[in-house]
2 protein chains.
Amino acid sequence: MSFEYTLKKKCKDTKARLGELSTPHGKIETPIFMPVGTKATVKTMTPEELREINSQIILSNTYHLYLRPGHDLIEEAGGLHKFMNWDRPILTDSGGFQVFSLSDMNKITEEGVEFKSHIDGSKHFISPEKSIEIQTALGADIMMAFDECPPYPADREYVKKSLEMTTRWLERCIKAKTRDDQALFGIMQGGMYKDLREESAKQIVEFDLPGYAIGGLSVGEPKELMIEVLDYAPDFLPENKPRYLMGVGTPFDLFEGVMRGIDMFDCVFPTRVARNGLVFTSQGRVTVRNATYERDFTPLDHDCDCYVCKNYTRAYIRHLIKQNEILGVRLTTYHNLHFLLDMMENIRKAIAEDRFLEYRAEFYERYGLEV
Amino acid sequence: MSFEYTLKKKCKDTKARLGELSTPHGKIETPIFMPVGTKATVKTMTPEELREINSQIILSNTYHLYLRPGHDLIEEAGGLHKFMNWDRPILTDSGGFQVFSLSDMNKITEEGVEFKSHIDGSKHFISPEKSIEIQTALGADIMMAFDECPPYPADREYVKKSLEMTTRWLERCIKAKTRDDQALFGIMQGGMYKDLREESAKQIVEFDLPGYAIGGLSVGEPKELMIEVLDYAPDFLPENKPRYLMGVGTPFDLFEGVMRGIDMFDCVFPTRVARNGLVFTSQGRVTVRNATYERDFTPLDHDCDCYVCKNYTRAYIRHLIKQNEILGVRLTTYHNLHFLLDMMENIRKAIAEDRFLEYRAEFYERYGLEV
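Analysis parameters
Counting from 1, residues in each chain are numbered in the order their sequence is written. To label them, take the chains in the order written and letter them from A, then take the ligands in the order written and number them from 1. With pLDDT at 70 or above as the cut-off, local features in this predicted model cover only qualifying residues; side-chain atom pairs require 80 or more to be listed or tallied, and sums for whole chains, interfaces and linings still use all residues. Heavy atoms from the whole structure form the basis of all side-chain values; hydrogens and water molecules are not counted. UniProt positions are given in the numbering used here, feature names are shortened, and annotations may be inferred rather than shown by experiment. The numbering of helices and of strands both runs from the N terminus, where a helix is a DSSP run of H or I of at least 4 residues and a strand a run of E of at least 2. Residue contacts are defined here by distance: any two heavy atoms, one from each residue, within 4.5 Å place the two residues in contact. Copies are brought into register by a least-squares superposition over C-alpha atoms of residues with pLDDT of at least 70 in both. Put simply, buried Ala, Val, Leu, Ile, Met, Phe, Trp, Tyr and Cys residues joined by side-chain atoms within 4.5 Å make one nonpolar core. Think of it in three bands: residues with accessible area under 20% of the maximum for their type are buried, residues over 50% are exposed, and the middle band is partly exposed, with areas taken using a 1.4 Å probe on protein chains only. To obtain an axis, a line is fitted to C-alpha atoms, over the contacting stretch when the element is a helix, and the angle between two such axes runs from 0 to 180 degrees between their N-to-C directions. Under the convention adopted here, Pro, Cys and the residues Ala, Val, Leu, Ile, Met, Phe, Trp and Tyr are nonpolar, Asp, Glu, Lys and Arg are charged, and Gly plus all remaining residues are polar. Buried area, as used here, totals the accessible surface that two parts lose on assembly, with accessibility defined by a 1.4 Å probe and the loss added over both. For this document, the term salt bridge refers to a Lys or Arg side-chain nitrogen within 4 Å of an Asp or Glu carboxyl oxygen. By definition, two strands form a pair when at least two bridges between them are found by DSSP. An automatic or database domain assignment provides the domain bounds reported here. Counting of polar contacts relies on pairs of N or O atoms within 3.5 Å, with two restrictions inside protein: one atom must be capable of donating a hydrogen and the other of accepting it, and residues adjacent in sequence are counted only when both atoms are side-chain atoms.

Per an unreviewed UniProt entry, chain A carries the name Queuine tRNA-ribosyltransferase and comes from Orenia metallireducens. What UniProt states about chain A under its Sequence similarities (unreviewed entry) heading is, verbatim, "Belongs to the queuine tRNA-ribosyltransferase family." What UniProt records for chain A under Catalytic activity (unreviewed entry) is the sentence "7-aminomethyl-7-carbaguanine + guanosine(34) in tRNA = 7-aminomethyl-7-carbaguanosine(34) in tRNA + guanine".

Caption draft 1: Representation of the environment of A:Leu357 within the structure. All names here are of chain A. Note that Leu357 resides in helix α15 (residues 356–367). Residues Leu357 and Lys116, spaced 241 residues apart in sequence, show a C-alpha to C-alpha distance of 46 Å. Apart from residues no more than four positions distant in its own chain, Leu357 is found in contact with Asp13, Thr14 and Met259.

Caption draft 2: Just the relation of the copies chain A and chain B, in detail. Laying chain A over chain B is done by rotating through 180° and shifting 0.0 Å along the axis; what remains is an RMSD of 0.0 Å. What the superposition gives is, in effect, a two-fold axis relating one chain to the other. Scanning chain A for the C-alpha nearest the rotation axis identifies A:Ile326, at a separation of 3.7 Å. Of all interface residues in chain A, 100% are interface residues in chain B too; the two copies therefore contact each other through one and the same surface.

Caption draft 3: Main features of the nonpolar core. Counting residues in hydrophobic clusters, the biggest one holds 205 residues, and the most contacted among them are A:Met343 and B:Met343. Setting aside residues up to four positions removed in sequence, B:Met343 forms contacts with B:Pro251, B:Leu254, B:Phe255, B:Tyr359 and B:Phe363.

Caption draft 4: Inspection of the packing of helix α14 (residues 326–352) of chain B against helix α15 (residues 356–367) of chain B at higher detail. Residue and element names in this part refer to chain B. Two elements in contact, α14 and α15, have axes whose closest approach is 8 Å; the angle formed by their N-to-C orientations is 145°. Across the interface between the two elements, Phe339, Met343, Asn346, Ile347, Ala350 and Ile351 of α14 pack against Phe356, Tyr359, Phe363 and Tyr367 of α15. The residue inventory of the contact of α14 with α15, partitioned by class, reads nine nonpolar, one polar and no charged.

Caption draft 5: Structural view of the interface of chain A and chain B. Every contact between the two is made by 36 residues of chain A and, on the other side, 36 residues of chain B. Carbon and sulfur atoms supply 54% of the area that chain A and chain B bury against each other, a total of about 3400 Å² over both sides. Summed over the shared surface of chain A and chain B, the number is eight salt bridges. A salt bridge links B:Lys43 to A:Glu325; its shortest N-O distance comes to 2.5 Å.

Caption draft 6: Inspection of the sheet that holds strand β3 (residues 26–30) of chain A at higher detail. All names here are of chain A. Taken in spatial order, the three strands of this open sheet run β1-β2-β3, and their pairing is antiparallel. Of all strands in the sheet, those with a lone pairing partner are β1 (5–10) and β3, marking the two edges. Geometrically, the sheet is characterised by an average inter-axis angle of 15° between neighbouring strands, direction not taken into account. Across five bridges, the pairing between β1 and strand β2 (residues 17–23) is antiparallel. Residue Lys9 lies in a different strand from β2, and its bridge partner there is Leu18. Together, β1, β2 and β3 form the strand contacts of helix α14 (residues 326–352), whose direction differs from that of β2 by roughly 120°.

Caption draft 7: Quick look at the domain arrangement of chain A. All names here are of chain A. Structurally, chain A comprises domain 1 (7–266) and domain 2 (269–370). Centre-to-centre separation of domain 1 and domain 2, based on C-alpha positions: 26 Å. Domain 1 puts 36 residues into the contact, and the matching count from domain 2 is 32 residues. With both sides pooled, the region where domain 1 packs onto domain 2 buries about 2900 Å², and carbon together with sulfur makes up 75% of that total. In terms of surface lost to domain 2, no three residues of domain 1 exceed Ile53, Pro251 and Phe255, which account for 24% of the buried area on that side. The tally of links from domain 1 across to domain 2 stands at three salt bridges. Where domain 1 touches domain 2, the interface holds eight residue pairs in polar contact (both at pLDDT 80 or more). Breaking the side of domain 1 that touches domain 2 down by element, the ones donating at least two residues are β1, β2, β3, β4 (32–34), α1 (47–52) and α10 (251–259). Tallying contributions element by element places α10 first for the side of domain 1 that touches domain 2, with seven residues. Broken down by class, the residue content of the side of domain 1 that touches domain 2 amounts to 18 nonpolar, eight polar and 10 charged.

Caption draft 8: Spatial organisation of the pattern of salt bridges. Residues and elements named next belong to chain B. In total, this model carries 62 salt bridges over all chains according to the counting rule given. A salt bridge links Arg330 to Glu49; the shortest N-O distance between them is 2.8 Å. With Arg330 in helix α14 and Glu49 in helix α1 (residues 47–52), the pair connects residues that are 281 residues apart, well separated along the chain. On the basis of relative accessibility, which here comes to 4%, the residue Arg330 falls in the buried class.

Caption draft 9: Inspection of the side chain of B:Thr46 at higher detail. Topologically, B:Thr46 is positioned in the loop between β4 (32–34) and α1. Ignoring any residue separated from it by four or fewer positions in sequence, one finds B:Thr46 in contact with A:Tyr307, A:Tyr312, A:Leu327 and A:Arg330.

This is how it looks when you write it as structure tokens:
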């Protein structure tokens, strides 16, 4: 099966681009934001609701599913799509990032990573081969290569060695891959060093993969530094393949990423903050938990036509969130994901009409961001 | 506005009856189970989902809404229907039962009940007049009279005095009522004493109200004793008015109540147990949390055609519940409410066709209950 990426249009005056990626579970129009369904569920949402807000593809986390309920169980269920009742595309990460950031202890060698589960302290070992074995069992449309993601800050020598190992791990992932109906994306590392980013890109592009990700950003570095890397890193990747910026997802990040030639994004940010009562609106962020909204009988966002904004008030949603009622976090999550996906749709339209920069300026103006 | 109850049919061989109650927000076919939306939300469910499973009417709790967010706020929002976006009938209880069972301290006098909030210990006073004031602000179609619900066990003398005060309180409620678009139901008390039940019924029926409830059952007494009271208590109430058995709601309770002439029920049981991973099925209760269901890739209930059973497996729902994923309790709640409401619909059909006892026998046989 083919994972064809078609570059449909480049926007004038910016590197923003419009594309289409075909997968066994349907086509994805890019640039796109992928809601995160860590444990085989996008928190609070049904698949029908995800469709309602036009989620084209979701991401799920290999590390979590490997630990609970286990990839063998999901394979037995007929794969992740069937297990969770989602028939559109899925992307799984490699588990690498979570092994480094969540597990209690980890020991990295050329062979792979030994770690203790953050749930029960049990010992595990994930190698590139094991990551692919797990992702093969899960059966996502797009698998990610097992990489090492250096922390920030990290010295040049470490980052260089790490990216070279990541390339060797990529080669092992490619060898371990067995299914034709799954694509494998490689991941560029290189930290905050331009020449190392270029070096990493060169090495992974050699393998002529159907897509490439930029890893190692949004790991604690200042926002300006992330933008600086985004100014050059995407250009080291081939134009005719989709580019995925991992773990990034505020409205600002999405605009800035798209403007620099990124096609795919994912982040838990919109769903996580929703559960704390923070919502995106066309006028900027609103913390609906706050006392200010106690008697505010207007929608979360006046300019929004989503299910939540058509039917509920800030006062009601605040009441639900304050009382820990599940419907409250359902409504804020739904709204936030709708907001981001709707924004991405508007971004695609703007690119199609060569007015991305204008749309960004309008959005930033209303949202209260500086261009 | 009229709250007309039409007795449409009596089932042969039992006291089960088919009726219709009209309210300003639509007609209710009885016998009916009312899902409980304590804090202006049936936990985990949207109004659309409640419609999908044919919830004809829901119940909401005066005590909780009075404390949070406050009845004045809900009145300002345009009433409870508008606040929570539910346009079908609502019944509110009087707050009495929660004042006795939930508050930290309570002092009952002829005037009313003084109590401390279970949330922050603040002092409050609810009288019959205050209860009606709150319920008037909430704007439910059906309000309940403020009564005293004696605990179990309670001695005869106490129960007798209590029911007499409940009658005096009812009279005060009637005087305090102001809106024509709200019905007020009286509540029969009398504990486990047949003559006191009869006495209470006589006193409240004097007021010729549009409906009557049986209170003071399911308060800790043995099941046999509740059934014993249900054998006679409904007969003390007029045939041409709806009869509501408060706080009762297992499948067994519903069948046994209907068989003895009850028309309306409410209970948190189906939604509360759902959140612990216990579901009703045509073959009896299933605790889907249990390890037995880890790799059970069949629906919660083979004989169920609800959204949950059409789309998800026990293994997936168990995974979600074990991982504290909100979607898990959404699915079990949806299924349990669907199960009970579907069962009530089948009960209504069976009454219409004079085969209530056969349906009950079939259901009990499959469910594992003794007739």
